[in-house]
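Per-entry structural report
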Amino acid sequence: MRIANLAGRLVLVTDAGAVDVETASAGRFSADPQAVYPRWAEFTAWAETAPLEQARPVDATALGAPAPTPAQVFGIGLNYRDHAAEAGFALPDSPTVFTKFVSCLTGPEGEIPLAGPTVDWEIELVVVIGKLARHVAAEDGWDHVAGLTVGQDLSERTVQTAGPAPQFSLGKSFPRFGPIGPYLVTPDEFEDRDDIVLGCAVNGESVQKGRTSDLIFSVPRLVAELSAVLPLLPGDVIFTGTPAGVGVARDPKRFLAVGDELVSTIDGIGSMHHRFVPA
Ligand code: ZN
């Protein structure tokens, strides 16, 4: 199953187009995309037999973030071996965790203000939680995942690394620095949910290509590690880390410029398209 946020309303996405959930469920489920996650099991059961006659074409420019207002947003740093190596760090033995403040979340299409001279791309698989997770074992981690979507963990590197004890979160939270979408896809839709191909391109040139089988901390392991410390709430968002190929690790370094087009793609989910404009 795939869902989306279409013009602020929760829709089921079928081969025939988008079906408005509030209308098709006669009001049983809210139009608010974020409100579905605390009722995820009930919703997925309903969706299996939902009336789909009212499908209409999806206007991609009207798509918003599939989880637009989560209680918590987690970012995981250094979670691919090749990226940890290019960044000059040893492999972590526990996840490196920061937040992207929730106000930076945005949809999968449109313009992003270039907040500084050292803004970098980070394609990431994004997880949305579908069931309260507290002290979950790794083997049960996937049971707590509603679905997967595409994300960019956009990062202003100078701000991210400023100060004697750098805190990543602000440099990764400028307005629209957390685009996610275009759809939330349930894990059962993937041939292998633990081996998903992701990548991004700047002005048509591929800059990152990876697969989630190379994650140091897999999706279920992240659910275990995070839920050992705090509860993961339905609708929470986890940016799971980026593979090699970021601009700051290049020689010479390369950063995003006004006018650049960034296309971010995950096989089995879809693509996001963003253009950078003056801040
Ligand atoms: Zn990241």
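Residues numbered from 1 in each chain as written. Predicted model: local features only at pLDDT ≥ 70, side-chain atom pairs only at ≥ 80, totals over all residues. Heavy atoms only, no water.

**What to know about the environment of His-83**
Within the secondary structure, His-83 sits in helix α3 (residues 81-86). Along the chain, His-83 and Asp-15 lie 68 residues apart, while their C-alpha atoms are 36 Å from each other. Those residues in contact with His-83 that lie beyond four places of it in its chain are Leu-78, Thr-242, Pro-243, Ala-244 and Val-246. (Helix = DSSP H or I, 4+ residues; strand = E, 2+ residues; numbered from the N terminus. Contact = heavy atoms within 4.5 Å.)

**So, a nonpolar patch on the surface**
Together, Phe-101, Val-159 and Leu-170 give the surface a local cluster of nonpolar side chains, amounting to about 280 Å² of exposed area. Topologically, Val-159 is positioned in helix α4 (residues 157-160). (Patch = residues over 30% accessible without salt bridge, like charges linked within 9 Å, V, L, I, M, F, W, Y side chains within 5 Å. Areas by Shrake-Rupley, 256 points an atom, 1.4 Å probe, with all protein chains shown as cover. Salt bridge = Lys/Arg side-chain N within 4 Å of Asp/Glu carboxyl O.)

**Quick word on the coordination of the zinc ion**
Ideal geometry at a metal centre gives angles of 109.5 degrees when four donors are arranged tetrahedrally and 90 or 180 degrees when six donors are arranged octahedrally. Within the protein, the atoms that donate to the zinc ion are Glu-122 (OE), Glu-124 (OE) and Asp-153 (OD), at distances of 1.9 to 2.0 Å. Each donor residue of the zinc ion lies on the same chain, and together they follow the pattern E-x1-E-x28-D. Both residues of the pair, Glu-122 and Glu-124, belong to the buried class. (Donors = N, O, S within 2.8 Å, 3.2 Å for Na, K, Ca; no water. Buried < 20%, exposed > 50% of the residue type's maximum accessible area, 1.4 Å probe, protein only.)

**Digging into the packing of aromatic side chains**
One pass over the structure, following the stated rule, counts 7 aromatic pairs. Ring centres of Phe-29 and Phe-43 lie 5.4 Å apart, and the angle between their planes is 85 degrees; on these two criteria the pair is classed as edge-to-face. Of this pair, Phe-29 sits in the loop between α1 (21-24) and α2 (40-48) while Phe-43 sits in helix α2, placing them 14 residues apart in sequence. Relative accessible area serves as the criterion here: at 0%, Phe-43 is assigned to the buried category. Clustering of aromatic rings is evident, with ring pairs tying together Phe-29, Tyr-37, Trp-40, Phe-43 and Trp-46. Between Lys-100 and the ring centre of Phe-239, over which it is positioned, the NZ or CZ distance is 5.5 Å. (Phe/Tyr/Trp six-rings, centres within 6.5 Å; stacked < 30°, edge-to-face > 60°. Lys NZ or Arg CZ within 6 Å of the ring centre and 35° of its normal.)

**Quick notes on the sheet that holds strand β17 (residues 261-266)**
One open sheet holds the 5 strands; their spatial order is β8-β18-β17-β14-β15, and the pairing between them is mixed. Edge positions in the open sheet fall to β8 (109-114) and β15 (205-211), since each of these has one partner strand only. Direction aside, neighbouring strands of the sheet carry axes that sit 20 degrees apart on average. Where β17 meets strand β18 (residues 270-278), 6 bridges bridge the pair, whose relative direction is antiparallel. The residue of β18 that forms the bridge with Val-263 is His-273. (Pairing = 2+ DSSP bridges. Axes fitted to C-alpha atoms, helices over the stretch in contact; angles between N-to-C directions.)

**Structural notes on unusual backbone geometry**
The linkage connecting Gly-181 with the following residue, Pro-182, adopts the cis geometry, with an omega of -5 degrees. Along the polypeptide, Pro-182 turns up in strand β13 (residues 178-185). Even without glycine at this site, Ala-7 takes up a positive phi of about 55 degrees. Tracing the backbone shows Ala-7 in the loop between β1 (2-6) and β2 (9-14). Residue Ala-7 is classed as exposed on the basis of its relative accessible area, which comes to 63%. We note that Leu-78 has phi near 50 degrees; this positive angle belongs to a residue other than glycine. Topologically, Leu-78 is positioned in the loop between β5 (73-77) and α3.

**Points about the pattern of salt bridges**
Pairing is possible between side chains of opposite charge, provided their charged atoms come close. Scanning all chains against the criterion turns up 13 salt bridges. For Arg-9, the salt bridge goes to Asp-20, with nearest N and O atoms at 2.7 Å. Of this pair, Arg-9 sits in strand β2 while Asp-20 sits in strand β3 (residues 17-20), placing them 11 residues apart in sequence. A relative accessible area of 28% places Arg-9 in the partly exposed class. Given a relative accessible area of 10%, Asp-20 falls into the buried group. Between Glu-22 and Arg-9 there is a salt bridge; the shortest N-O distance is 2.9 Å. Linking Glu-22 in helix α1 with Arg-9 in strand β2, this pair joins segments that are 13 residues apart in sequence. Overall, Glu-22 belongs to the partly exposed group, its relative accessible area being 30%.

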